[in-house]
Amino acid sequence: MRFGLLGPPALFDGAPGGEPGEPRLVPSAKSRALLGALLLDAGRVVSVESLMDALWGGAPPMSAHASLHNHVSRLRRLLDDPERLRTVPSGYVLRINEGELDVHVFDARVAAARAAHMCHERERVVGEVEAALALWRGAPLAGLPPEVGGYALTHRLREARLLLLEWRYDAELALGGPRLDELVSELAVLTDEYPLREVYHRQLMLALHRTGRRAEALAVHTELRSRLVERLGIEPGPGVQAAHVEVLRGSADTGHRPATPPGRSLDFRHRPAAAPPCPPADPGGRRVGPPVPSAGTSHGPAAPPNPPADPGGRRVGPSVPSVGTSHRPAPPPARTSGVGGPAVTLARSSAGISDPAVASPAPSAGTGDPAATPSASSTGTAGPALRISDPAVTRSLSTADTSPPPAQLPPPPAHPSPPPAQLPPPPAHFTGRHAVSDALRRTLTAAGPRPTVVLSGMAGVGKTALALVVAHDLAKRFPDGQLHLDLHGATPGRTPLTPGQALAALLRDLGIEPCRVPECPDSASALLRSLLAPTRTLLVLDGAASAAQVRPLLPGGAGCAVVVTSRSPLTSLDGAARFPLAPLSDEDGAELLRAASGRDGLGRSPASRHLVARTGRLPLALRIVAARLAARPALTPEALAQQLADSKERLRLLEYDDLSVRRSLAVTYEALTASEHTVDRDAALVLRRMGALDLPACGAGHLAPLTGLDVRRTEAALDRLRDVALLEETAYGRYTPHDLVRDFARETGG
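Values in this document were obtained by computation on a predicted structure and should not be read as measured data.

Engineer: Can you explain the overall build of the chain? Please cite residues and give values.
Structural biologist: Looking only at helices and strands, the chain has 29 helices and 15 strands in total. Among the 750 residues that make up the chain, the fraction classed as buried is 47%. Here the chain displays about 35,000 Å² of accessible surface, and carbon together with sulfur accounts for 54% of that area.

Following this line, the structure appears as structure tokens:
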């Protein structure tokens, strides 16, 4: 069976890797919304609440649960195997095999097209792009209500489609042939649809020029330039300028590689090593083409010549300041330290530009300083501009080197953007943790290389709160910025970020344009380390799922520090300083309850002690209790403590607004249930059997007969539960759950 999101959500007959067969009708809009929501998180648990939001928005009917069950049953009947759609305690999981979802196939085709594009394998580019575009049946997720979500995915897919079209048209322009005439009409539609996308205008100019429609090609350039100047105050980019020069020169050699703007696999390796011949000179002895570098000058490609002018004296291409021109102050230098500086330098190198003449523009002539004013021949600048009708210019355009001029990157901004300060506000009413807070500060400010710090503990124990409090206290010690990234390893309803997604987010935060973020995670990780190496930056990586997720994000510079929060201690993360967190003490729990509830009379009253004990001294549970007391002035602490004494109702009472102990614990349990690893699924089974056994402590010998597993597998499962903070090993081989985990296990096992 095949599944489709590149258009309205759909089901098709057919095996993975083959052509989709006949579509299976998904009869109702609600069923299509359900299918879309499940496919967006294929292979992962989708909670009942998320599915209800997708189907009914924020106003589900009273019968929402029953209606959802009916829609799930109808969808199961459409599947080739009803077991694909499994029910788990908190939601549903739709199993998708490799190659069955069109989005995954599309992504694979995009990667193959990108590789062919980078290797200049034009025929292969065309084939891969056509195969990728053949998967599209319309706009992704078409017809679904906005509550389903998927905005980021839709935007990514649309941008990938536009990029595929760019690669295909570049390849077809290079290949030439009868398709050039067809390209004109296709590109004309795209330039109308995307009036500011310069790549399509460049390609339309070249297609028109190479089919003998030179005047129309120049008109496209004029219209684009006017639009960019009037709307944005900028000139066309290097790719459009290079295409403009080709049109003006009248070269129609379709064997040339198409001009490529920065960030689109720009590569200077194919330029000839030898310098071009000296161009002719006009009767006044002035050079009108690219000069030959003089002795002692750089052997990199020379700067582009002054372009010709039209009969009205206007410039028709990029110009280089000539000797004697008025002085324009150079842009201020980029910062040599901090996040802003390296981001500018690395952004250039990530575009594939290694030419010194491009990376370091020549100083302006005519500054008034004799030492800083080289001659025209040594700097590669041209003399006064000549009219296009001058015979010398005509001769030079016909004999000069027709390779595109080097791309010119814009100078660094005059006012660099401030360093990132992304820390969320510190939590109100933070209480206790004095010893571990002091130890964290000493560790993060010690002389020498600053280590990675891992705060670990069970759900709701206050890892993020402590990390933010300490990070705000130390923010001034990291003047180059404070970065915060939620890795979603413990966020209900969210899938943990992959290392590639996390790297892309951090690089964008450091000023790298999305189109210049390397696709390969190893390259992206190297770029991140290069950007952070000379800086003093603090990273807070919240909610890590595993050491493998964190490892590529760690900086290499000695001035940076990293704070990671995770339910696991991440013991495979080498060199990290670990701080496991336990629930609060009775005194600190009572103080948090008093401060957060606003009831000063609570203090150390017996009711306060009962509430702290019923919540297991867990900060998240205490904040929920405080919120209930603050919301209902008539609710007495004694009455609430009596309600919490009922273990069957406790987890229901420990939910308020978006705070929920049950959902926080369910994130870890659902991840274990849906995992591909046997030990994780064994751990979920053992937790359910612990709930049925309902003992305050137990070992593998007690649980093995109940689970049907041998003792060795049961021990491994218990150790896995300890690693994700659902159990505590109080003695070797003896495991104890927190009181609220015990309640959750009882619910799950029942």
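Picking up where we left off.
Engineer: Summarise the confidence of the model for the chain; cite the residues concerned and give the values.
Structural biologist: On average, residues of the chain carry a pLDDT of 79, and 77% of them reach 70 or more. Every residue in residues 253-410 scores below 50 in pLDDT, and together they form 224 contacts with partners more than four places removed in sequence or on other chains.

Engineer: So, the pairing of strand S14 (residues 728-731): which residues are in play, and what are the values?
Structural biologist: Relative to strand S15 (residues 734-736), S14 runs antiparallel, the two sharing three bridges. Bridged to Glu 728 within S15 is Thr 736. The antiparallel pairing of S14 with S15 creates a hairpin that spans two residues between the two strands, and Gly 733 there sits at a positive phi of about 80 degrees.

Engineer: I'd like a description of the packing of helix H8 (residues 198-210) against helix H9 (residues 214-232), backed by residues and values.
Structural biologist: Packing of H8 against H9 leaves a shortest axis separation of 7 Å and a crossing angle of 160 degrees. The orientation of H8 relative to H9 falls into the category roughly antiparallel. Crossing of H8 against H9: the hand is left-handed. The residues of H9 that touch H8, namely those facing Glu 198, His 201, Leu 204, Met 205, Leu 208 and His 209, are Arg 214, Glu 216, Ala 217, Val 220, His 221, Leu 224, Arg 227 and Leu 228. A per-class count over the contact of H8 with H9 returns seven nonpolar, three polar and four charged.

Engineer: Mind laying out the sheet that holds strand S3 (residues 23-24), listing which residues take part and the relevant values?
Structural biologist: Taking strand neighbours across the sheet as the criterion, the three strands line up as S1-S2-S3 in an open arrangement whose pairing is antiparallel. With partners counted over all chains shown, the strands left at the sheet margins are strand S1 (2-4) and S3, one partner each. When S1 meets strand S2 (residues 10-12), the two strands line up antiparallel, connected through three bridges. Each bridged residue has a counterpart across the sheet, and for Arg 2 the counterpart in S2 is Phe 12.

Engineer: Give me helix H22 (residues 619-631): which residues, what numbers.
Structural biologist: When the terminal C-alpha atoms of H22 are compared, their 18 Å separation across 13 residues agrees well with the 18 Å that a helix rising 1.5 Å per residue should span. Among all positions in H22, only Pro 619, Leu 620, Ala 621, Leu 622, Ile 624, Val 625, Ala 626 and Leu 629 are buried.

Engineer: Talk me through the packing of aromatic side chains; I want residue IDs and the actual numbers.
Structural biologist: Aromatic rings in a pair are described by how distant their centres are and how their planes are angled relative to each other. By the definition in use, this model includes three aromatic pairs. A centroid spacing of 5.8 Å and a plane angle of 70 degrees characterise the contact between Phe 106 and Trp 136, whose relative ring orientation is edge-to-face. On the criterion of sequence distance, the pair formed by Phe 106 in helix H4 (residues 102-118) and Trp 136 in the loop between helix H5 (122-133) and helix H6 (151-175) is long-range, its members being 30 residues apart. Of the residues examined, Trp 136 reaches a relative accessible area of 16% and is grouped as buried. Aromatic pair Tyr 669 and Phe 744: ring centres 5.8 Å apart, planes at 75 degrees, arrangement edge-to-face. Taken together, the positions of Tyr 669 in helix H25 (residues 661-673) and Phe 744 in helix H29 (residues 739-749) put the pair 75 residues apart, joining distant regions of the chain. Just as Tyr 669 is buried, Phe 744 falls in that class too. Across from the ring centre of Trp 136, 5.6 Å away, lies the NZ or CZ of Arg 161, which sits over that ring.

Engineer: Outline the nonpolar core, supporting the account with residue identities and numerical values.
Structural biologist: Judged by nonpolar contacts, the single largest core of 76 residues is most densely connected at Phe 3, Leu 11, Leu 38, Leu 68, Phe 106 and Leu 164. With 11 residues, the top contributor of residues to this core is H6. In this view, Leu 164 contacts Phe 106, Val 110, Ala 113, Val 129, Ala 132 and Leu 133; residues no more than four positions away in its chain are not counted.

Engineer: Hey, could you go over the pairing of strand S7 (residues 452-456) for me, with residue numbers and the actual values?
Structural biologist: Judged by how many residues are buried, S7 sits mostly within the fold: five of five residues are covered. Of the two faces of S7, the one carrying Thr 452, Val 454 and Ser 456 and the one carrying Val 453 and Leu 455 are both buried. Taken together, the four bridges between S7 and strand S11 (residues 577-580) define a ladder with parallel strand orientation. Counted as the bridge partner of Val 453 is Ala 577 from S11.

The rules we used
- Each chain has its residues counted from 1, running along the sequence as written.
- Predicted model: local features are reported for residues with pLDDT of at least 70 only, side-chain atom pairs are reported and counted for 80 or more only, and whole-chain, interface and lining totals are derived from all residues.
- Heavy atoms from the whole structure form the basis of all side-chain values; hydrogens and water molecules are not counted.
- In this description a helix means any DSSP run of H or I spanning at least four residues, a strand means any run of E spanning at least two, and both kinds are numbered starting from the N terminus.
- Relative accessibility decides the category of a residue: with a 1.4 Å probe and only protein chains considered, values under 20% of the type maximum give buried, values over 50% give exposed, and everything between is partly exposed.
- All accessibility values rest on the Shrake-Rupley procedure with a 1.4 Å probe; residue burial counts only the protein chains present in the view.
- What pLDDT expresses is the predictor's confidence in each residue, scored from 0 to 100.
- We call two residues in contact whenever any of their non-hydrogen atoms come within 4.5 Å of each other.
- Note: two strands are recorded as paired if DSSP finds a minimum of 2 bridges between them.
- A fitted line through C-alpha atoms serves as each axis, taken over the contacting stretch for helices, and the angle formed by two N-to-C directions is quoted from 0 to 180°.
- The cut-offs work like this: below 35 degrees is roughly parallel, past 145 is roughly antiparallel, 65 to 115 is roughly perpendicular, and the gaps in between are oblique.
- Whether a crossing is left-handed or right-handed is set by the direction in which the near helix is turned from the far one by less than a right angle, anticlockwise for left-handed and clockwise for right-handed.
- Gly is put with the polar residues, along with every residue not named as nonpolar or charged; the nonpolar set is Ala, Val, Leu, Ile, Met, Phe, Trp, Tyr, Cys and Pro, and the charged set is Asp, Glu, Lys and Arg.
- One fewer than the residue count of a helix, multiplied by 1.5 Å, yields its expected span.
- Between the rings of Phe, Tyr and Trp (Trp by its six-membered ring), a pair exists once the centres lie within 6.5 Å; its type follows the angle of the planes, with under 30 degrees stacked, over 60 edge-to-face, and the other angles tilted.
- As a reminder, the over-ring test applies to NZ of lysine and CZ of arginine, requiring each to be within 6 Å of the ring centre and within 35 degrees of the ring normal.
- Here, nonpolar core refers to any group of buried Ala, Val, Leu, Ile, Met, Phe, Trp, Tyr and Cys residues whose side-chain atoms link them within 4.5 Å.

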